[in-house]
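Spelled out from the first residue to the last, the chains are:
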Amino acid sequence: MPRVKQSFCYGLFVDEGRTVAQVLKDAASIGFAAVEIWGRQQAPFDEICEEAAKNGLVVASMCGHESLPDGLNKRENHNRIESEILESIEIAKARKIPG
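Here's what I pulled together on the structure shown here. (Residues numbered from 1 in each chain as written. Predicted model: local features only at pLDDT ≥ 70, side-chain atom pairs only at ≥ 80, totals over all residues. Heavy atoms only, no water.)

**Focus on the nonpolar core**
Then comes step 1: Judged by nonpolar contacts, the single largest core of 18 residues is most densely connected at Leu24, Val35, Ile37, Ile48, Val59 and Ile97.
Then comes step 2: Secondary structure elements with two or more residues in this core: helix H1 (20-29), strand E2 (34-37), helix H2 (45-54) and strand E3 (58-62).
Then comes step 3: If near-sequence neighbours (up to four positions away) are discounted, Leu24 is found in contact with Phe8, Val35, Ile48, Glu51, Ala52, Asn55 and Leu57. (Core = buried A, V, L, I, M, F, W, Y, C linked by side-chain atoms within 4.5 Å. Buried < 20%, exposed > 50% of the residue type's maximum accessible area, 1.4 Å probe, protein only. Helix = DSSP H or I, 4+ residues; strand = E, 2+ residues; numbered from the N terminus. Contact = heavy atoms within 4.5 Å.)

**Structural notes on the sheet that holds E3**
Then comes step 1: Taken in spatial order, the three strands make up an open sheet running E1-E2-E3, and their pairing is parallel. Edge positions in the sheet fall to strand E1 (7-9) and E3, since each has one partner strand and no second. Each strand of the sheet is rotated relative to its neighbour by a mean of 30°, with strand direction disregarded. (Pairing = 2+ DSSP bridges. Axes fitted to C-alpha atoms, helices over the stretch in contact; angles between N-to-C directions.)

**A word on the side chain of Ser61**
Then comes step 1: As for its position among the elements, Ser61 is in strand E3.
Then comes step 2: At 3.4 Å, the side chain of Ser61 and the side chain of Glu36 are in polar contact.
Then comes step 3: Setting aside chain neighbours within four positions, we find Ser61 in contact with Val35, Glu36, Ile37, Ile97 and Gly99. (Polar contact = N/O pair within 3.5 Å; in protein donor to acceptor, adjacent residues only side chain to side chain.)

**Observations concerning the environment of Asn73**
Then comes step 1: You can see Asn73 is positioned in the loop between E3 and helix H3 (78-95).
Then comes step 2: Between the C-alpha atom of Asn73 and that of Glu51, which follows or precedes it by 22 residues, the distance is 35 Å.
Then comes step 3: Reaching out from Asn73, the side chain makes a polar contact with the backbone nitrogen of Gly71 at a distance of 2.9 Å.

**Comments concerning the pattern of salt bridges**
Then comes step 1: All chains considered together, the criterion is met by six salt bridges.
Then comes step 2: The partner of Glu51 in a salt bridge is Lys54, and the shortest N-O contact between them spans 3.2 Å. Of this pair, Glu51 and Lys54 both sit in helix H2, separated by three residues, roughly a single helical turn.
Then comes step 3: Here Glu90 makes a salt bridge to Lys93, at a shortest N to O gap of 3.5 Å. Linking Glu90 with Lys93, this pair stays in helix H3, spanning three residues, or about one helical turn. (Salt bridge = Lys/Arg side-chain N within 4 Å of Asp/Glu carboxyl O.)

This is the structure we're talking about:
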């Protein structure tokens, strides 16, 4: 029977007493298959990607741009957000992040 592939959102499991490595090692040990990252700028993105790979986890998704409340709802943000999304697509391709 195929295993259910469950992910978790990194930001919800961070606390001041645990390192990135500990969070991802613990997640893998209890059966998570992947981690999701909300914002590249808010998290230690490169470290999460590296530690996920060390622990057999996939980085399943990341946000394409910052500031959702101050986002596409304002025309003046469109150029900034387009640039952020294009950059995120290239990073996702390089890191093999599917979402």
